[in-house]
Amino acid sequence: HMLGAEDHGDENPLYYLEESMEFFDKITTLYKDNENLLFEIMNEPSGETTWQDCKDYANQVIPVIRKNNDGIILVGNPQWSSDLDSVIADPLVGYENIMYTYHFYAADHYDTTRVIRAYAAGIPVFITEHGGMESSGDGDISFDNIKNWYNVLNHRNISYIAWNISNTKGSASILKYNNTTLTEFN
């Protein structure tokens, strides 16, 4: 998760390149026979990270994964995985089973055109994080806008995963605050 919380350098995936290569070599060796794994190689590059930085990272990490596993690799992009325009202009080449991530929060992100443009350009997109609330993980749920997003995604068979399954305060949490079971939902 490229957030720069400890060090602004770690907003860029290249900051942990060596550790990432070691990690993905171990994970793909351990799970080489599992065909149902998705490998998200960077989550939400941010700060001054460019698409070229993401590509440079991906071009070094993907071959490590491919030594052991041909599963789907999810590639993030700048601006917290919301810069599909750079991907459309200059996608990775020479790889199979690659998808590009996109994140949105319906109370803040109304515009679906980046995802629609990527789809129209033949860029495979997987929404690896989204919610109906603000990008802060809190605030009111934008029911109309999340319905619009789901219509756009479902119409194009674009997969999506919601954030987050937890029992924390805030509207992003699917479970009730301080709940200790998986049966009491917000």
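Coordinates for the structure precede this section.
Residues numbered from 1 in each chain as written. Predicted model: local features only at pLDDT ≥ 70, side-chain atom pairs only at ≥ 80, totals over all residues. Heavy atoms only, no water.

A.B. asks: Could you clarify how one ought to interpret helix 2 (residues 51–66) in this entry?
C.D. replies: Along an α-helix, residues three or four apart share an orientation, since each turn contains 3.6 residues. Under the 1.5 Å per step criterion, the end-to-end length of helix 2 is 22 Å for 16 residues, consistent within 8% with the ideal 22 Å. At Ala-58, helix 2 shows its largest bend, some 25°. Within helix 2, the full set of buried residues consists of Trp-51, Asp-53, Cys-54, Lys-55, Tyr-57, Ala-58, Val-61, Ile-62, Val-64 and Ile-65. Elements that come into contact with the buried residues of helix 2 comprise helix 1 (17–30), strand 1 (38–40), strand 2 (72–75), helix 3 (78–81), helix 4 (84–89) and strand 3 (98–105). (Helix = DSSP H or I, 4+ residues; strand = E, 2+ residues; numbered from the N terminus. Expected span 1.5 Å × (residues − 1). Bend = angle between axes of the 7 residues up to and from the residue. Buried < 20%, exposed > 50% of the residue type's maximum accessible area, 1.4 Å probe, protein only. Contact = heavy atoms within 4.5 Å.)

A.B. asks: Explain the pattern of salt bridges here, please?
C.D. replies: Oppositely charged side chains may form a pair once their charged atoms are brought near each other. Enumeration over the complete set of coordinates arrives at five salt bridges. For Lys-26, the salt bridge identified is with Glu-22, shortest N-O distance 3.3 Å. A residue pair is termed a helical-turn pair when its members lie 3 or 4 positions apart in one helix, as Lys-26 and Glu-22 do in helix 1 at four residues. For Lys-26, a relative accessible area of 54% corresponds to the exposed category. When its relative accessible area of 47% is taken as the criterion, Glu-22 is described as partly exposed. (Salt bridge = Lys/Arg side-chain N within 4 Å of Asp/Glu carboxyl O.)

A.B. asks: Is there a simple way to explain the packing of helix 1 against helix 2 in this structure?
C.D. replies: When two helices pack together, their arrangement is given by the angle between the helix axes and the distance between those axes. Look at helix 1 against helix 2: their axes get within 8 Å of each other, and the N-to-C directions meet at 25°. The orientation of helix 1 with respect to helix 2, classified from their angle, is roughly parallel. The way helix 1 lies across helix 2 gives a crossing that is right-handed. Residues Leu-17, Ser-20, Met-21, Phe-24, Asp-25 and Thr-28 of helix 1 touch helix 2, and the partners they reach there are Tyr-57, Gln-60, Val-61, Val-64 and Ile-65. (Axes fitted to C-alpha atoms, helices over the stretch in contact; angles between N-to-C directions. Parallel < 35°, antiparallel > 145°, perpendicular 65-115°, else oblique. Left-handed = near helix turned anticlockwise from the far one by under 90°.)

A.B. asks: Is there a simple way to think about the pairing of strand 2 in this case?
C.D. replies: As a general feature of sheets, a regular strand has side chains that alternate between the two faces. As paired strands, strand 1 and strand 2 are joined by three bridges and run parallel to one another. Along strand 2, the bridge assignment pairs Leu-38 with Ile-72. As defined by bridge partners, strand 2 adjoins strand 3 across three bridges and the pair is classed as parallel. Within strand 3, the residue paired with Val-75 across the bridge is Tyr-100. (Pairing = 2+ DSSP bridges.)

Nothing here speaks to function; it is geometry throughout.
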